[in-house]
Structures are given as C-alpha cells and as structure tokens.
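# Coordinates in review
Chain residues, written in single-letter form:
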4 protein chains.
Amino acid sequence: MFFASDNTGPAHPQVLAGLGQANEGYAAPYGTDELNLTVRERLRSLFEAPEAAVYLVATGTAANALALATLSRPWDTIFCTRQAHIEADECNAPEFYTGGAKLTLVGDADKLDPDTLRAAIGSKEFLGVHGPQRGPVALTQVTEMGQVYSCAEIAALGAVAHDYDVPLYMDGARFANAVAALGCTPAEMTWKAGVDAVSFGATKNGCLGVEAVIFFDPAHAWEFELRRKRGAHLFSKHRFLSAQMDAYLEDGLWLRSAQAANASAARLAEGLRGVPGCTFLAEPQANMIFARLPRAAHQRLQAAGAVYGLYEGPLGEGAPDEPLLMRLVCDWSCPPDAIDRFIATASG
Amino acid sequence: MFFASDNTGPAHPQVLAGLGQANEGYAAPYGTDELNLTVRERLRSLFEAPEAAVYLVATGTAANALALATLSRPWDTIFCTRQAHIEADECNAPEFYTGGAKLTLVGDADKLDPDTLRAAIGSKEFLGVHGPQRGPVALTQVTEMGQVYSCAEIAALGAVAHDYDVPLYMDGARFANAVAALGCTPAEMTWKAGVDAVSFGATKNGCLGVEAVIFFDPAHAWEFELRRKRGAHLFSKHRFLSAQMDAYLEDGLWLRSAQAANASAARLAEGLRGVPGCTFLAEPQANMIFARLPRAAHQRLQAAGAVYGLYEGPLGEGAPDEPLLMRLVCDWSCPPDAIDRFIATASG
Amino acid sequence: MFFASDNTGPAHPQVLAGLGQANEGYAAPYGTDELNLTVRERLRSLFEAPEAAVYLVATGTAANALALATLSRPWDTIFCTRQAHIEADECNAPEFYTGGAKLTLVGDADKLDPDTLRAAIGSKEFLGVHGPQRGPVALTQVTEMGQVYSCAEIAALGAVAHDYDVPLYMDGARFANAVAALGCTPAEMTWKAGVDAVSFGATKNGCLGVEAVIFFDPAHAWEFELRRKRGAHLFSKHRFLSAQMDAYLEDGLWLRSAQAANASAARLAEGLRGVPGCTFLAEPQANMIFARLPRAAHQRLQAAGAVYGLYEGPLGEGAPDEPLLMRLVCDWSCPPDAIDRFIATASG
Amino acid sequence: MFFASDNTGPAHPQVLAGLGQANEGYAAPYGTDELNLTVRERLRSLFEAPEAAVYLVATGTAANALALATLSRPWDTIFCTRQAHIEADECNAPEFYTGGAKLTLVGDADKLDPDTLRAAIGSKEFLGVHGPQRGPVALTQVTEMGQVYSCAEIAALGAVAHDYDVPLYMDGARFANAVAALGCTPAEMTWKAGVDAVSFGATKNGCLGVEAVIFFDPAHAWEFELRRKRGAHLFSKHRFLSAQMDAYLEDGLWLRSAQAANASAARLAEGLRGVPGCTFLAEPQANMIFARLPRAAHQRLQAAGAVYGLYEGPLGEGAPDEPLLMRLVCDWSCPPDAIDRFIATASG
C-alpha cells in the first residue's frame, strides 16, 4: 500500500529495456549521441513544434531551474503560487540558478487565477529600478494539489503574461497525467495555449530519471546549453537519458502509463467516497488525491503498513473521529489489490 | 576503433543488471532508499573511513562543483593546474557553485608540484581583505594528461595545503584507474595521504552516470546535502544511483574494470612504440595516452574510421611526416582487435 | 514644500564641516584611517556594546544586504513583511548578496507580529532538505509605513527568532527617529531587546551617505569585511565615511536631528487633522505620515508645487472629494513655513 | 613623506566646495537630481560621445565590477593581466557581480600584448559548451605597474577583441594621469581606439569617492542601472556624487590635478636617479614609480617616517646594499619638500 509519491515507484520495463538496447558499443558523449537526435525529433513531432529547442536533464528541479534561469534575469521576480514546487520544494534552486531572482507568490489558491495574476504583475509597475522587474509566470500542471488546468485556463494565464511581455512556463512534472486527464494534445496544452517553455516530466511516470525541457522559441537554445553544462547537468553518457526518453515515447508509453496512474487514482477515490468521514479537498482529477480521513482510519492504515503523506498530526493524540489531511499518489504500477486493501483498511 | 573517451563506452552488464534488480516495487525517494544505506556503508568500508560522509550524484562536474563549493567560501581562490577539468572543461561550474570563488592556476605542468603550490598559496599572504582568500587545493587523479600521482606526491601536496590550513580535494573521475596503476588502497591514495574529500568516479569506468563524493570529515555533510538539493542534483528515484554504485562495488568490479582499461591502454601503447614516428608526451600510466603520430598515420586512421582526440591540425594540410598530437583513451570494454587494428593502421 | 523623502534633504552643516576637518593631509585607506577607530569606539559606546563589530558603508541597501548575507546561508529564507524595503525596494539586492536566499513574507501588516512570525517560521519545519532553511528575521524600525516598534514588541520578535535559533536583524534606516520617538536608548532598542545586528542609518538624517552596520556578536566581523570588499563597498578614502559619522555622533547631532524631523512631522500631522476629509492610515509616530486627502486638496497642493508621494491616482480624473493616499516625510531641515503652507494649501 | 597611494591623499578644495554648493534645499534622489543631468552631459561632451550612457558610482571596484558584469555573461571568461586590479585586489568582486564568470590571465607582463591576447582568446575556440566562453578584454590605464598604453597600443588590443566579437573595457582608475601623460584627448584614448566602456576614475585624483562609468554603446544602459541598484551602489542622496564630479570637471581640474601628480612623480624619479643603487623596474610614465633601492636606503627612509609600498623584505635582515622593490605614488597634493626630503633621505 504505497501511495507516498509517484517518484517512489519502479521504472517501466520498457524503459529499462531501452537502456539495454542503447548499451551497445560506442556512443558520442554530452548530448551528441545519435539517439538524442531521434529523441529530439520525436518530441518536436509530439508537440507539433518543428522549430522547438529540446533538451534532456535528469531531474525535475534541474528542468525547472534551468528553464526559468534561461527565461529570467537576476533582477526579475517569477510569479507562481504559494504551493509551487519551485517555491516550496527546491531549496532555493530557482534563486540559485537565476542568480538571485525573486519569487512573487500570487494568491493563496492551488491554481493561478488570471485576475489575481494580473493584479500581482501590475503592482510591480511603479517601482522603476527599485523593485524587482517582471519575470516569467510559472504554473504547475498537474498542480501541487492534484488539480488540472484546462487549456482555456492556461490560455487565460498566457494572455496575462503576454500582456506584460513576460513568458509563461509550465512545470510539467506530471505533464502526461494532465494530458490524460484533459484528453487534449501536448500542443493544445502548451504553445497553443500560450506556454513558452515546458518541462515534459518522465521520471515520475515510469522512467529512472529524465525530463525534457522544451522551448517553443529556439532563440533560447544556446544559453540553455551553457546553463545546463555550467549547472553540471549535461550527462557525459547522455545516451542513457536519450534511451529512457526514447522508450518512454515509444508506442505511446508516456500516455498509457499516465492513463493507468489516473485510473488507479480514480478507483482509489471512488472507494474512499464510501469510507465514513472521508472528505476530499477537491475532486481528484489526475493521479493525486488530497482528502481527510478520521484519525482512527489513519491509525488502522499506518498499523497495516500503508505509506502515504499525512499532513496533520501527530497521529497518536486526539479524538478518533477528527479528520486529518492526507495525500495519496498513484503511479503507473499501482497494484489494484493495494488500492482495495487501502480502502478496506480505511473503512475499518 | 573508438578511443575518444571512456565516457563514450557502454555500461558494464553487471551495472545494468543491478538497475533491474533495484527496480522492484516501492523505494523511498531522495536518497532515503535502503540501498543507499548499503552503498554508503560499502564505500565507507572500501575507504576504511567509518565516519565519512558519502553522497551520490550523477555527473563528475556535479561532484567537483558541489564538493568544492562545500569546501570553499565565495571569496576564496581554489588552486589547481591550468589543464584541470574544473578550469578548462566545466563552463565555470565551480565559479557558479561556489558563488564566485576564483581559480588560481599553479604552474604549467600537468601535475601540481609542491614547491610551486607553496609559492602560489604563499603569494596570497599580504593582500588582506583585498585579494582572494586561500581556498582548497584541487588535484585530478588520474591527471588530465594521463599521469598518476604517487601516494607520496599526494601527501606532499596535502602537507602544503594543511600548512596553510586549506583542504585538499581530489577529482577522482578516474579514481579506479589510478588505484589500479598504483596498486595501493583507496585509503592510501586519499585520507592517508592528506586528501580531505574525493570524488569516486564510476561513470567513465562502467556505470551509466554515478559518482560518489566522500568527505572524510563528516562536518560538511548537511551543507553538502543542501547544496546538492539546491543544485538540482538530488535524484527523486535515487535508488537508481544507488543500484549503479552497488553493482560497481560488487565483487571488485570497479577495480577489475579499471585494470582492464589500463591493460588495454598498455597494449595500445606497446603497439604504438613500434609505429614509425610515434612519440609519447609522457609515459602512459593508466588508461590514457597522449602521443604524436605523423600526419600520414592520422590520415590513414581517420580514413579507417578511428575515433579519437586530435589536437593539432587541420589534418588536411602539411607535410606527411609532421607529428600531430592525439589523445587515446581506453575503457573497460575496449576490444583487443580494435587496438590491434589501430596499431596496424597507424603503422601503414 | 518638499515632503517626498528624507533622502531628498541636505546634509547638516556640522557633517559637511566634519568632511572639511578630515581633509587634512594623508590618511590611511580602506578603513584603516585613525578616525575610523574613533568612530567605531564611539558607536560601541553609544550602543553600550564594547565587543560589537562596527562597519561603515555608504548606502542603506548595502548595509541591509551585506548584513543579511553575513547572517544567512544561500539556502535560507529571510522572514520580513510584505512592505519591507529589502523585499520591495532593493531590486533583489538581498537575493544577490546572499547568493540566492529567499524572502518569506510574513502577514500583510506593516509590522511583524510574533504569532504570525512563529507560524511562518514553524511552517518550514517538515521540509528537510527540500524547502528553504530558516534564516534571519528582519524588521524595519521605523517601519515602511511610519510606525515604531516598542522595545517590548521587538523583544517579542527576538524571542520567536531565538526559539528557532535564527538571528534578528533590524533595518535601522530611520533608527534615530525611532529612538527619538520611543525615548529609549540605542541599547534598549537593539541588543537588550534581542536584536543581533542593526544598521544605524545616518544618510536620511543629515549625512551625505553613510550607515553603520553593527554586529553585537563580533564573530561575524571578518566575514563581513570580506563581503564588504567583494561587494565593492569598502571605500578607499574611507576617512570621508568616518568623518560623516563622527560629526553625526558629535554632541548628539544624530538624536537632535531626528527629534527635529519628528517634531516637524508632528506639527504637520497636527495641522492635517484640521483639513476637511483628511484621514490617517495610522497615527504618525516618527517622521512619516501616511494619510488620505480629498482629490481636490491634492490638486491644489500639486498646483502649488508641493512634492510628496501620491499613491493613488491618476490625479486628474474622478470625484473631487475622493480620498487619495499620500506619504509625507520630514527631515531634520524641514522649514516650518513649508509645513504651514502645506496645511493651508490642503485646507483650501 | 607619504607615497603609499593616491587614495591616501586629501580631496581637492574645489571638490569640497562643490559639495557645499550642492547642499542647498531639496534635490531629487537616486540619480534623478538635476546636477546629475549636467554632469552626464559634461562627460558626454568631454568624451565627444553624445550618445554615451554615463553613470556615477562611489568606488573603483564598483565601477569595474558593474561594468564588466554588464558586458559579460556568467559563463564567460574575462581576459586581463596577472597584475590587474580586478584579478588581484578586488576580493573576487568581478566573479561576484558577473555571477561566476572567470578571469583568464594573459601573459606575465604588466601590459596586455596583442599577440598574447590573440593566442589566449583563440585558445578558447574548440571547447564548445565545455569551456568558458569568450568575454570582455579588460585593460588598466595607467597600468598597475605605472605604465601607460599608447593610443595605438590600445587600438591594437581593441582590434583583437573585436575580431573575436568581445568588448574592450578600460579600468580608468587613473584615467586622467594617462591622458596627462599621453597628451591625447579622452576620446582618442577610448572609443577612437576601440574601447567600448571605461571607468573614469576621480577618487584617486582629488575627489572623496566618485567614478563615472561610460558605455559608448547606450544599449547597456538599463541593465547597468538595474545592476547598480541591485549592487546597492545607487546613492539616495546622489547629488553628492554629482557634485564631486561636477567640481572635478570644472575648469579642467581633472586634468590639472593629474598633471600635478605626474609632475611630482617625475620630480621624484629624477631625484631617485641620483640615489646610489637605485634602479627602475620601468621608466615611470605617470604618477607611479616602481624602483629598487638598497636596503640601507629603505631603513633610513622608514626611520624618517616615509610611508610607501615596500614589496621585498623583511627589511630588518640582509645585506645593506641588497636592492628591495618599492612603489611610490604621487597625488595632486604631493608637497615638493616631501619629495626632496625623500630623495635626500634615500641618498643618505
């Protein structure tokens, strides 16, 4: 019963097999491997963006920090939510990579709202050289709280960003889960909605460690390459990043894996609805569930060895029916019987 | 005939197999995987350093830059050679990670010399707050030109560093090749010789992408962890770094692979001695050869598809007997027949 | 009628005279001038802090950024208000000088509140290496909105900071005005209330450009000196910083000037109370007034050439009785007749 | 007998008087003072550069670091001499302000040589993303060893820089002394010779603390303004920087002061020629002398209270006739009798 995160699950066998196939003889290093050419072309094709600049890195934080640094100047401020991974979970990596840009937190909600965003960007107007300058807008899709922006919602944010002449960046650590949830194309969810650059996350969805960074305007390409190298994120044996991504794209594995994860989360949510005292923070839309269960249910689950995020506590003290917040995440490999056992144990 | 670099070779099957074995079910993320505990313990044991702080990262530049940043302050200068990887090949990663420390190049030779080092460190004496402050000494073992410091040579550098109260760092991208060449233990080549921190490179020697950073004084541990996270080098699915390193340590694979690479280079060097006009920059000691061959020999090799570093040129113009510098590197997988064909082709 | 800022006023004649007196013959450079020794001793004495480390810089932003960088590590977050000068008015100088630390905005009020602060610092607890680490708490005294923390309020913030083992920094750009308002001693308002480091602003209060940075724990001294030099804030002809500060401390000029500025603001506030439609954002406590006047009053004032901060607008459109927010600042030199004319003009 | 540095001398009375004149009433802050408009126009006129972007800062290191940061990217390397102030005397300020650019030391001589420079820049060619990228060339005029580049020498360096499409920066801490020595115009020594940006030093030549930074291509203007603010080098009471510079430009004070300093140094050098055992490192050209005197002469001088830079020692031990290196600097205020006493004392 492992629901702690989709980064605790295994790699998909097809991805491991891809590593094996790539492990033949000599391959040029540092991103000059032929497989990288293939992968870049496949990603351009998937995004219907023949001119896009495409790069691979091994971690989601590297993708975010390098992309935002490329889109920012050190005196800028980046607009994001209070819960954004770049704000809360990256130990100041964006500040480090940008050379000291600031993050301005917009609103208190899980999703950026166009009006609140407009007010926040607009408020930087009168400060001249004294205040931070306007920098990129960054959204996370799927959001940190498991919600999915519709393409129209993204486009509304893009419109605000472009009104102020700043780029829109999408942290797509769970990009595939969002596409699976929306039933749209990668292009519709990105450049067609005004996204200027995106990370196409693969690690959480069946790879070992690989993310693509895609700039729809290739003007940023060379700067990104220098930043990646300087950040120590250019792999010498780059073929092993290429191979993961290649396998991930093969036969739509990326989408199938996300569909499987989302379906597992839906099954889990459906079961939780029947658990007495269960309430959802919001309707689950992709592969993450934020919900409250009574303390007693948590106690049963933990005793049974369930692993997941429990945000309110401590567990040991208080009324048995007090609701406590949890996060449950399903990955592509989530076994149905673990879901069913979780529900049964929670039900008591 | 691929001799461009040991980072162009494949991973060892034992390492790939290790990935497969690690790919079972759930594993805690971000370095909290159980296999990481095992690996850290194995490395402490290998280095006879039960208190050492041990971390895994995916690239050699990350290992160097993070370790040096942990050992430095932004107003320091790091002492290294003109050819050092941290100076010439990392696109200012050390300057970036340290927050603006400087590199002071010591002498013109491939190896640091204790007397020249002492003069260089000493010369920073009178500058007070105006000049850079004394920071770590960094050596590369095997050196960038393929030479190997003896343990006594390392100890002499360590003595100078410690006289000035600065740490000695070893860039061990080819650590195993040096141990294989010297026939010493990892402890003898590091802390017993005054090394305060070392990168234990595995990527070039049969892994996909993993290096250990080892601080013999664990006081630096927590800062390193923060720097690694902030640098986006903490893997979420960390088990796949652990698994590579675990397989690399299993049954002495690390040493056997290095011995194989060194033996291939020795065979290649031996053959080259018989090639008319071949001269060595220095006697090859590990798995790299720097030598000059006549232009005509290079032309034959390139026509035959040999891949290696050619530093003088252009190849197309000039006298056929003019000697041109090349770098040849052998990895663990280097096929004997490729060596023999290279020699035969060079001989004409 | 110049009420735009206390940094638009002249230097006090006594300070200019001090420059002249210091301008005799040779003086050792870079802070080794004898007058600097005197000044440092005078400041230690004024603060009843014989062990304090004391430094001079030329701008308030330099004082803040260098002090906070000395008290922080790059992976920290600094706790301050949304209006704090370090957040809103320094073009990311704190992020630059700290090497990428973050600022966490605490509450929406002008003053830090101990409970809100405790909640903010406490919320960083569970993030381990992922989130920013806890860094200094920074308050501004006089606040950006013209309010003055009592010594007890400061002590309450200091207690929270020290509970979490982080330092308390005071941006004292208007330090003297606060002391004048409270009638306390510099020691009571700083280290006796838990302040670990403070900037003792002099520029706004009658100098040309000089601020002292005082660390009550001298352990930070050498690091600060290196940071100051590296930041290009160590003056070669340092005697001219020393001379300003020396004159500023002579015969209590610092306090008299602040008392004069505060008295001018009180006179202005008193007069404004009689202006129809005038409302105060808060009761003025030092030398700054935030108040609203009807649009028509502003129109009369601007027509008469009054210079001050008008934050709501544009002035030209809208109802004549609509209240619009302004900031008025008095410095030591504020002429009484300018105050009276301002009131008369506003009254119409 | 004070010859330690031109930054140990007093400000010129005309400059102090300028401060007094500027100290009337209200002046807009942060560089928006009217006097700044005047000064900027005067400098554009002096340099015959009507489009130039002109800024004032208070220290020479700020001028250098901010200008180089504006001309560089963090992955660049800046080409300069081993003795350059930016390398040896700024505690890594260039690395800090550029965000981690590197300095490549070109040759061992006091002056940059075009051929050596070309070789150094050219050698960065083959490294692609791995090595640092080519950044600005920085020369110091007057050099750190007191020599003066001719306009033709500067033009030759500019030609090399522009061949590689990198800018040429001049650290003009002693700009006026060089103009006085060459008898040329500021334009001839800068943009007419290929200089893209220059610091026009005034501190050492009779001001308290002010330097102008001039970009002949104003495209850099806004970035510089942001960098200056972020670096805490934008003065709130900016009128006092303007006033210094205004007085410095009035009636050719800048040139007269430099001529006086150079004349003093010439008188001192002429006298030293007659001192037994005196040898010059190079023929003095401006206001600095590097020469060796016998140990006994130094002992007499120090006993008589002479203050100057002694670079070889310790003084107390060794043969009386052993020559020891010294640096002597004359400023605008150098009294003739101090020069004569120095010579007499040295002569014994």
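The model shown is predicted, which means the values in this text are computed figures rather than measured ones.

Cut-off values and rules
Residues numbered from 1 in each chain as written. Chains lettered and ligands numbered in written order. Predicted model: local features only at pLDDT ≥ 70, side-chain atom pairs only at ≥ 80, totals over all residues. Heavy atoms only, no water. Least-squares fit on C-alpha atoms with pLDDT ≥ 70 in both. Contact = heavy atoms within 4.5 Å. Buried area = accessible area lost by both parts, 1.4 Å probe. Salt bridge = Lys/Arg side-chain N within 4 Å of Asp/Glu carboxyl O. Helix = DSSP H or I, 4+ residues; strand = E, 2+ residues; numbered from the N terminus. Nonpolar A, V, L, I, M, F, W, Y, C, P; charged D, E, K, R; others polar. Pairing = 2+ DSSP bridges. Buried < 20%, exposed > 50% of the residue type's maximum accessible area, 1.4 Å probe, protein only. Axes fitted to C-alpha atoms, helices over the stretch in contact; angles between N-to-C directions. Domains from an automatic or database assignment. Core = buried A, V, L, I, M, F, W, Y, C linked by side-chain atoms within 4.5 Å.

The subject of this paragraph is the relation of the copies chain B and chain C. Overlaying chain B with chain C gives an RMSD of 0.0 Å, the required rotation being 180 degrees about an axis along which the chain moves by 0.0 Å. On this basis, the relationship between the two copies can be described by a two-fold rotation axis. Distance from the rotation axis, computed per C-alpha, reaches its smallest value in chain B at glycine 99 of chain B: 3.2 Å. Comparing interface residues between copies, 100% of those in chain B also lie at the interface in chain C; the contact surface is shared.

Attention shifts here to the interface of chain B and chain C. Taken together, the 16 residues of chain B in the interface contact 16 residues of chain C. Interface area lost by chain B to chain C is led by Trp75, Val129 and Leu226 of chain B, which between them contribute 40%. Counting across the interface, chain B meets chain C through zero salt bridges. Considering each element in turn, the side of chain B that touches chain C owes the most residues, seven residues, to helix α10 (residues 221–230) of chain B. Tallied by class, residues from the side of chain B that touches chain C come to seven nonpolar, four polar and five charged.

Residue and element names in this part refer to chain A. Spatially, β8-β9-β11-β10 is the arrangement adopted by the four strands of the open sheet, whose pairing is antiparallel. What marks the edges here is a single partner per strand, and that holds for β8 (279–280) and β10 (309–310). Judged from the seven bridges that link them, strand β9 (residues 288–294) and strand β11 (residues 323–329) form a sheet pairing that is antiparallel. Across the sheet, the residue bridging to leucine 293 is leucine 324, located in β11.

On to helix α10 (residues 221–230) of chain D, then. Residues and elements named next belong to chain D. Within α10, seven of the ten residues are buried, which leaves the element mostly enclosed by the surrounding structure. All of the buried residues in α10 are Ala221, Phe224, Leu226, Arg227, Arg228, Lys229 and Arg230. Looking at the residues trailing α10, positive phi occurs at alanine 232, about 70 degrees.

Further remarks concern the pattern of salt bridges. Residues and elements named next belong to chain D. Overall, the coordinates contain 69 salt bridges over all chains when judged by the stated rule. One salt bridge connects arginine 174 with aspartate 6, and the closest N-O pair in it is separated by 2.7 Å. With arginine 174 in the loop between β5 (168–171) and α8 (175–182) and aspartate 6 in the segment before α1 (13–22), this residue pair connects regions lying 168 residues apart in the sequence. A residue is classified by how much of its surface remains accessible, and arginine 174, at 9% relative accessible area, is buried. A salt bridge links glutamate 41 to arginine 44; the shortest N-O distance between them is 3.0 Å. Linking glutamate 41 with arginine 44, this pair stays in helix α2 (residues 34–46), spanning three residues, or about one helical turn. Its relative accessible area of 44% is what places glutamate 41 among the partly exposed residues.

Residues and elements named next belong to chain B. Strand order across the open sheet formed by seven strands is β1-β7-β6-β5-β4-β2-β3, with mixed pairing between neighbours. Both edges of this open sheet fall to β1 (53–57) and β3 (102–105), since each of them pairs with a single strand only. Taken pair by pair, the neighbouring strands of this sheet meet at an average axis angle of 25 degrees, ignoring direction. Strand direction decides the pairing type here: strand β2 (residues 76–80) and β3, joined by four bridges, are parallel. Pairing of cysteine 80 across the sheet is with leucine 105, part of β3. Along the sheet face, α10 touches β1 and β7 (211–215) and points at about 10 degrees away from the line of β1.

Residue and element names in this part refer to chain A. Once the domains are mapped, chain A shows domain 1 (13–253) and domain 2 (255–347). Put simply, the middle of domain 1 and the middle of domain 2, counted by C-alpha atoms, are 29 Å apart. Across the contact, 22 residues belong to domain 1 and 19 residues belong to domain 2. Regarding the contact of domain 1 and domain 2, the summed buried area is about 1,600 Å², with carbon and sulfur atoms giving 52% of it. Here domain 1 and domain 2 share zero salt bridges between them.

Moving on: the nonpolar core. Membership of the largest hydrophobic core comes to 128 residues, with the highest contact counts inside it found for Leu43, Phe200 and Met245 of chain C together with Leu43, Phe200 and Met245 of chain D. When neighbours within four sequence positions are excluded, leucine 43 of chain D is seen to be in contact with Val54, Leu56, Phe200, Ala212, Met245 and Leu249 of chain D. Leu43 and Met189 of chain A together with Val15 and Ala193 of chain B belong to the second-largest nonpolar core, a separate cluster that totals 126 residues.

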